[in-house]
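Read off the chains here:
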There are 2 protein chains.
Amino acid sequence: MDLCGSSYYIPIGMEQVATTSRGRPREFDPAQALAAALQVFWRRGYEGASISELTEAMGITRPSLYACFGNKEALFRQALDLYETEKLCYVKTALEAPTARGVAERLLRGSLAIQCSDSEPQGCLGVMSTIAGVTEADCIRDEVLKRRASSNAALLARFCQAQEEGDLPDGIEPDALACYLSTVMQGMAVQASGGASRDTLEKLVQTTLAMWPGR
Amino acid sequence: MDLCGSSYYIPIGMEQVATTSRGRPREFDPAQALAAALQVFWRRGYEGASISELTEAMGITRPSLYACFGNKEALFRQALDLYETEKLCYVKTALEAPTARGVAERLLRGSLAIQCSDSEPQGCLGVMSTIAGVTEADCIRDEVLKRRASSNAALLARFCQAQEEGDLPDGIEPDALACYLSTVMQGMAVQASGGASRDTLEKLVQTTLAMWPGR
DNA sequence: TTCATTATATACCGATAAGTATGAAATGAA
DNA sequence: TTCATTTCATACTTATCGGTATATAATGAA
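Residues numbered from 1 in each chain as written. Chains lettered and ligands numbered in written order. Predicted model: local features only at pLDDT ≥ 70, side-chain atom pairs only at ≥ 80, totals over all residues. Heavy atoms only, no water.

> Can you walk me through the overall build of chain A in this structure?
If you tally the helices and strands in chain A, you get 10 helices and 0 strands. When burial is assessed residue by residue, chain A has 52% of its 215 residues classed as buried. Within chain A, counting contacts between residues at least 6 apart in sequence, those at least 24 apart form 62% of the total. With an accessible surface of roughly 10,200 Å², chain A has 51% of that area assigned to carbon and sulfur atoms. (Helix = DSSP H or I, 4+ residues; strand = E, 2+ residues; numbered from the N terminus. Buried < 20%, exposed > 50% of the residue type's maximum accessible area, 1.4 Å probe, protein only. Contact = heavy atoms within 4.5 Å. Areas by Shrake-Rupley, 256 points an atom, 1.4 Å probe, with all protein chains shown as cover.)

> Mind showing me how you'd approach the protein's contact with DNA strand D here?
Near DNA strand D, the surroundings consist of 25 residues, among which Arg22 and Glu27 of chain A together with Ile51, Arg62 and Lys72 of chain B are the closest. Near-protein atoms of DNA strand D (within 4 Å) split between backbone and bases, with sugar and phosphate holding 70%. At a separation of 2.9 Å, a phosphate oxygen of DNA strand D approaches a polar side-chain atom of serine 64 of chain A. With respect to DNA strand D, the side chain of tyrosine 66 of chain B contributes an N or O atom lying 2.9 Å from a phosphate oxygen. (Near = heavy atom within 4 Å. Polar contact = N/O pair within 3.5 Å; in protein donor to acceptor, adjacent residues only side chain to side chain.)

> Before we go on, may I ask you to explain the relation of the copies chain B and chain A in this structure?
One chain copy maps onto the other through a rotation about an axis and a shift parallel to that axis. Between the two copies, chain B and chain A, the superposition gives an RMSD of 0.1 Å; the rotation angle is 180° and the shift along the axis is 0.0 Å. Read as a symmetry element, the transformation amounts to a two-fold axis. The residues that chain B uses at the interface reappear at the interface of chain A in 100% of cases, marking a shared surface. (Least-squares fit on C-alpha atoms with pLDDT ≥ 70 in both.)

> Would you take a moment to explain the pattern of salt bridges for this structure?
Pairing of side chains with opposite charge becomes possible as their charged atoms draw close. The tally for this structure, following the rule as stated, stands at 28 salt bridges over all chains. A salt bridge links glutamate 96 of chain B to lysine 92 of chain B, with the nearest nitrogen and oxygen atoms 3.5 Å apart. Judged on exposure class, the residue glutamate 96 of chain B and its partner lysine 92 of chain B are both exposed. Put simply, Glu73, Arg77, Asp81, Glu84, Glu143, Lys146 and Arg147 of chain A are held in one network by salt bridges that share partners. (Salt bridge = Lys/Arg side-chain N within 4 Å of Asp/Glu carboxyl O.)

> Got a minute to help me understand the environment of threonine 99 of chain B in this structure?
Residue and element names in this part refer to chain B. Locating threonine 99 in the fold gives a position in the loop between helix H5 (90-94) and helix H6 (100-115). Residues threonine 99 and phenylalanine 159, 60 residues apart in the sequence, show an inter-C-alpha distance of 9.2 Å. In this structure threonine 99 touches Arg158 and Asp167, once residues within four positions along its chain are discounted. Here the side chain of threonine 99 touches glycine 102 through a polar contact of 2.9 Å, landing on its backbone nitrogen.

> I'm lost on the interface of chain B and chain A in this one. Help?
Bring the parts together and some accessible area is lost; that lost area is often taken as the interface size. Contacts between the two partners involve 37 residues from chain B and, on the opposite side, 37 residues from chain A. In this assembly, chain B packs against chain A so that about 3,300 Å² is buried in total across both faces, 69% of it on carbon and sulfur atoms. Of all residues in chain B, Ile131, Tyr180 and Met211 of chain B bury the most surface against chain A, accounting for 21% of the area lost on that side. Counting across the interface, chain B meets chain A through 2 salt bridges. The partner of lysine 203 of chain B in a salt bridge is aspartate 175 of chain A, and the shortest N-O contact between them spans 3.1 Å. For the pair chain B and chain A, the number of links is 9 residue pairs in polar contact (both at pLDDT 80 or more). Going through the elements one at a time, helix H1 (30-44), helix H7 (125-131), helix H8 (138-164), helix H9 (174-193) and helix H10 (198-211) of chain B are the ones with two or more residues in the side of chain B that touches chain A. Considering every element that reaches the side of chain B that touches chain A, the biggest residue donor is H9 of chain B, with 14 residues. Class assignment of the residues belonging to the side of chain B that touches chain A gives a composition of 19 nonpolar, 12 polar and 6 charged. (Buried area = accessible area lost by both parts, 1.4 Å probe. Nonpolar A, V, L, I, M, F, W, Y, C, P; charged D, E, K, R; others polar.)

> Explanation requested: the side chain of arginine 158 of chain B in the structure shown.
Residues and elements named next belong to chain B. Among the structural elements, arginine 158 can be located in helix H8. One buried charged residue, arginine 158, forms no salt bridge at all, with the nearest opposite charge on glutamate 165 at 4.5 Å. Separated by 3.3 Å, the side chain of arginine 158 and the backbone oxygen of proline 98 make a polar contact. (Lys, Arg positive; Asp, Glu negative; His and termini not counted.)

> Can you walk me through the confidence of the model for chain A in this structure?
Detail in the predicted coordinates should be disregarded across regions flagged by low pLDDT. Per-residue confidence for chain A gives a mean pLDDT of 88; residues scoring 70 or more make up 87%. This model gives residues 1-18 of chain A a pLDDT under 50, and the stretch forms 20 contacts once residues within four places in sequence are excluded. (pLDDT = per-residue confidence, 0-100.)

> What's the story with the nonpolar core in this structure? I'm lost.
What tends to happen in soluble globular proteins is that the nonpolar side chains get buried as a cluster. By size, the foremost hydrophobic cluster in this structure holds 133 residues, and its most contacted members are Leu54 and Met58 of chain A together with Leu54 and Met58 of chain B. Leucine 54 of chain A has contacts with Ala37, Val40, Phe41, Ala49, Leu65 and Leu75 of chain A, leaving out every residue within four places of it along the chain. (Core = buried A, V, L, I, M, F, W, Y, C linked by side-chain atoms within 4.5 Å.)

> Honestly, the protein's contact with DNA strand C in this entry has me stumped. Any pointers?
Around DNA strand C, a shell composed of 25 residues is seen, among which Ile51 and Lys72 of chain A together with Arg22, Glu27 and Thr61 of chain B lie nearest. Among the atoms of DNA strand C close to the protein, meaning within 4 Å, 68% are from sugar or phosphate groups. Note that a base nitrogen of DNA strand C is positioned 3.3 Å from one of the side-chain N or O atoms of arginine 24 of chain A. Note that a phosphate oxygen of DNA strand C is positioned 2.7 Å from one of the backbone N or O atoms of isoleucine 51 of chain A. A total of 3 residues in the surface near DNA strand C trace back to one element, the largest contributor, which is helix H3 (residues 62-69) of chain A. Across the surface near DNA strand C, the residue classes break down as 8 nonpolar, 9 polar and 8 charged.

So this is what it looks like as structure tokens:
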């Protein structure tokens, strides 16, 4: 796979900036095409998204897709990257909340906001990609699980800090709480995928917070 | 589609019992074959399970599958029926617990037991089938959502009763609690699909119960 | 035995999947 | 202009999908 030349993603360690290309100029914007691909993966899942559907949504031809993004799997990874930076950025700020309960509230509300957008698919791309593809590309599943694990680690670290600050509910360990909160968020994604309304999920967030000891 | 004669599933309203057939006798046990099919659907999801994989696991040929079960979708529905009667039977007894908290505990533990079997796939067939197939056979998704809704209705009814008995946590409505509990169980299924260990899920159940007000 | 009936095995069908070969078109460099 | 380079458009490849046609084998009934 040759990703040199004027390819969109500049190989690591190339001293020569690849913005000035020599041959025929590309007629589409890779960033825009990738955003369109993300929407398709988000709606259909990895296996459910066919190359034909992707190219149509991206407004490019099949060989252009392969030349620019490598193959379906590589395209999906790049879509995942975009999803993380654009949609999961709320996680970082959520972890900066002053209390453990505040972290939970920000995470739940952030998750709600993504999954109930009127203009975007319902549900969570990550949850879809681990569940849907129990068979499929195992590497896809592993990739998503790896990213999820790193996110969980950050949450765990935050709750460890909370424990030191005496900020956790009685008798609950940081890892247990992190796992619990992740689970609720993943359950929320399942609800959203199933077509749950924004009101339903709003109420779900409220209920979860109501169950959280020590308002 | 002709399902008469000695077919396994006797058409409704046939006065003539179909157990005594006339032609060549079937060489496999439909119930056993269906159980094998369930395992495949459970591991792979509806779309992920190919007819070839199904027939191999069922130990029958392709035309036998179609003759006996109709088609892939009909086979899946029958597998769902089997899943409900064999794997989801714990729901019924769970609802008979004396307190709302007892209902939750039985549901969570029952769910745990299914999803952590050593001999069977991890995760929940129902959750897989709604998430995985956001694209795929919409009718499959709708079917599973319909069954889930009926199960949710039963849970809601039980929590309404609990409310009358003054058995609900303060300030929490029956529908909110039912939705919350369903969500946690669905999140558990996501965790299980992702390979979470039995210990992890045990702890998750404990944490969820610890969050439940009023021991 | 003869025949209608049902199940089996094999080989096939059209559709679609992911991925690619090939030649024309558009650029910068020489 | 000439040429190496890169993109684009069309058409193709191989594999697999769900589903079926067809012929043969095994049974009960007449």
